[in-house]
Amino acid sequence: MARRLAEHLRQDLKQPVVVDNRAGASGNIGAENVAHAAPDGCTLMLTAAPFAIAPAVFKGLSFHPVKDFTAIAKVASVPLLVVTRADSPLKSMADLMEAARRKPDAISYGTFGTGAPPHLVGSQIQRLGNFHMTHVPYKGGQAALPDLLSGQLDIAIMDVVSMTPLIRAGRLRALAITGPQRTAALPDVPTLAQAGIAFDTVGWYAIFGPAKMDPATTARINQAANRAMKLPDMTKAVLDGGALLVDPPPTAEQWQAAFNDEVRIWGEVARSANISLD
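Position numbers for residues start from 1 in each chain and track the written sequence from start to end. Note on the predicted model: pLDDT of at least 70 is required for a residue's local features to be given, and 80 or more for side-chain atom pairs to be given and counted; whole-chain, interface and lining totals, by contrast, use all residues. Side-chain calculation: all heavy atoms of the structure are included, whereas hydrogens and water are not.

## Here we look at the pattern of salt bridges
Side-chain pairs of opposite charge can arise whenever the charged atoms involved come near each other. Rules: Just to be clear on terms, a salt bridge is a Lys or Arg side-chain nitrogen sitting within 4 Å of an Asp or Glu carboxyl oxygen. The numbering of helices and of strands both runs from the N terminus, where a helix is a DSSP run of H or I of at least 4 residues and a strand a run of E of at least 2. Throughout, exposure labels follow a simple rule: accessible area from a 1.4 Å probe, protein chains only, divided by the maximum for the residue type, with under 20% read as buried, over 50% as exposed, and the rest as partly exposed.
Per the stated rule, a full pass over the model turns up 8 salt bridges. For Arg10, the salt bridge is made with Glu7, and the minimal N-O distance between the two is 2.5 Å. Of this pair, Arg10 and Glu7 both sit in helix H1 (residues 2-13), 3 residues apart, which is roughly one turn of the helix. Looking at Arg10, the relative accessible area reads 37%, which means it is partly exposed. Residue Glu7 is classed as partly exposed on the basis of its relative accessible area, which comes to 35%.

Okay, structure coming up:
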């Protein structure tokens, strides 16, 4: 997403745009680098929803997502999927809840790490649905696949982008999707709310910069990103990956307000589940 978007921003802003991958610590290494950069609009970050969760689950962070950053643009919504193997007896969320209530903790659910959005979503699903499962964290979504496909793992909560090809190929079955609406990539998969779990917070990709950026610069980058995301190649990339377009795209001020609220919501979910990381 960053590399595709960078080329369009280069043309629109008439400035070189270089993508520098800074992986590690659930995105915290890259975020720390941006938090300490000059707020001149020359150092930006494209990141995902774990950024909003970080202060609730990581101890001793050197930054805060709200205090130390400027929210610039939300470029895509990225739902999560509750999936199981294709031949699983669990054919719906109702089946899952019934099985979990019948034998508490007998159902295992995999995620790509403790404190990540899927873990928090799994905790919230259990709380709202009044049932219990056993959490099995993996180091990355692909690591869970062999156990999920073999049946050693009952379900997994994973990102739509990596799971959609396996669902289309008939190797996995999707029970529900997070967010307020279904995705065009998997139109037959109900939302959690439609499946009886009233939770619609969804993941995303978004652009941030250091705190105290000039509002005019922030607005200029926001408008350029919003224009880019309407172009055919960007729209196709989002939808083909199973993500959702942001329509209408928020202004920088609107995204800042929404992001502040997300930090609060995810924090409440993490604290209610007693999830924290050293």
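## Topic: the packing of H1 against helix H9 (residues 232-240)
The line we're drawing: Between N-to-C directions, angles span 0 to 180 degrees; the directions come from axes that are lines fitted to C-alpha atoms, helices contributing only their stretch in contact. In this scheme, roughly parallel covers angles under 35 degrees and roughly antiparallel covers those over 145, while 65 to 115 is roughly perpendicular and the rest are oblique. Crossings are sorted by hand: turned counterclockwise from the far helix by less than a right angle, the near helix makes the crossing left-handed, and turned clockwise it makes it right-handed. We call two residues in contact when some of their heavy atoms are within 4.5 Å. We call Asp, Glu, Lys and Arg charged. Ala, Val, Leu, Ile, Met, Phe, Trp, Tyr, Cys and Pro are nonpolar, and the rest, Gly among them, are polar.
Where H1 meets H9, the closest approach of the two axes is 11 Å, and the angle between their N-to-C directions is 165°. When the axes of H1 and H9 are compared, the pair comes out roughly antiparallel. Between H1 and H9 the crossing geometry is left-handed. Counted together, Arg4, Leu5 and His8 of H1 and Asp233, Met234 and Ala237 of H9 form the full contact between these two elements. Residues belonging to the contact of H1 with H9 are distributed by class as follows: 3 nonpolar, 1 polar and 2 charged.

## So, the nonpolar core
In a soluble, globular protein the nonpolar side chains are often hidden away together inside. Here is the rule we go by: Take the buried residues of types Ala, Val, Leu, Ile, Met, Phe, Trp, Tyr and Cys, join any two whose side-chain atoms come within 4.5 Å, and each joined set is a nonpolar core. Domain start and stop positions are those given by an automatic or database domain assignment.
Judged by nonpolar contacts, the single largest core of 47 residues is most densely connected at Met93 and Phe208. Both domains that furnish three or more residues to this core are identified here as domain 1 (1-78 + 202-273) and domain 2 (80-195). Discounting chain neighbours no more than four positions away, the residues touching Met93 are Val82, Ile125, Leu175, Ala176, Leu192, Ala195 and Ile197. Judged by nonpolar contacts, the second largest core, of 19 residues, contains Val83, Leu153, Leu166 and Leu186.

## Some details on the layout of surface pockets
As a reminder, the rule being used: The distinction between a cavity and a pocket rests on a 1 Å grid over the protein atoms alone: a 1.4 Å probe fits inside a cavity but cannot get out, while a pocket stays open yet meets protein on both sides within 12 Å along at least five of seven lines, and a residue with an atom within 4 Å of a point counts as lining. Grid points are joined across faces, edges and corners, and a volume is the space filled by probe spheres set on the points.
In this structure, the second largest pocket encloses a volume near 410 Å³. Around the second largest pocket sit 18 residues that line it, and Lys74, Ser77, Pro180, Val202 and Val246 are the ones nearest its centre. If you list the elements that add at least two residues to the lining of the second largest pocket, you get strand S2 (69-78) and helix H10 (252-272). For the lining of the second largest pocket, the leading source of residues is H10, giving 5 residues. Of the residues belonging to the lining of the second largest pocket, the class tally is 10 nonpolar, 3 polar and 5 charged.

## Considering helix H3 (residues 50-57)
The periodicity of an α-helix, 3.6 residues per turn, causes residues three or four positions apart to be oriented the same way. With respect to burial, H3 is a largely interior element, 6 of its 8 residues being buried. Along H3, the residues classified as buried are Phe51, Ala52, Ile53, Ala54, Ala56 and Val57. Where H3 is buried, its residues contact helix H2 (28-35), strand S1 (45-48), S2, helix H5 (117-129), strand S8 (203-210) and H10.

## Some thoughts on the domain arrangement of the protein
As a reminder of what qualifies: When two parts are put together, the accessible area they lose, computed with a 1.4 Å probe and summed over both, is reported as buried area. We define a polar contact as two N or O atoms separated by no more than 3.5 Å, with the added condition that, inside protein, one atom must be a possible hydrogen donor and the other a possible acceptor, whereas residues neighbouring each other in sequence contribute only through side-chain atom pairs.
Here the protein is described as being made up of domain 1 (1-78 + 202-273) and domain 2 (80-195). Taking the mean C-alpha position of each, domain 1 and domain 2 sit 26 Å from one another. Listed as interface residues are 18 residues of domain 1 and, on the opposing side, 20 residues of domain 2. Both faces combined, the contact of domain 1 with domain 2 buries some 1,300 Å², and carbon together with sulfur accounts for 73% of it. Here domain 1 is connected to domain 2 by 0 salt bridges. Inspection of the region where domain 1 meets domain 2 yields 0 residue pairs in polar contact (both at pLDDT 80 or more). Of all elements in the fold, only H3, H9 and H10 reach the threshold of two or more residues within the side of domain 1 that touches domain 2.

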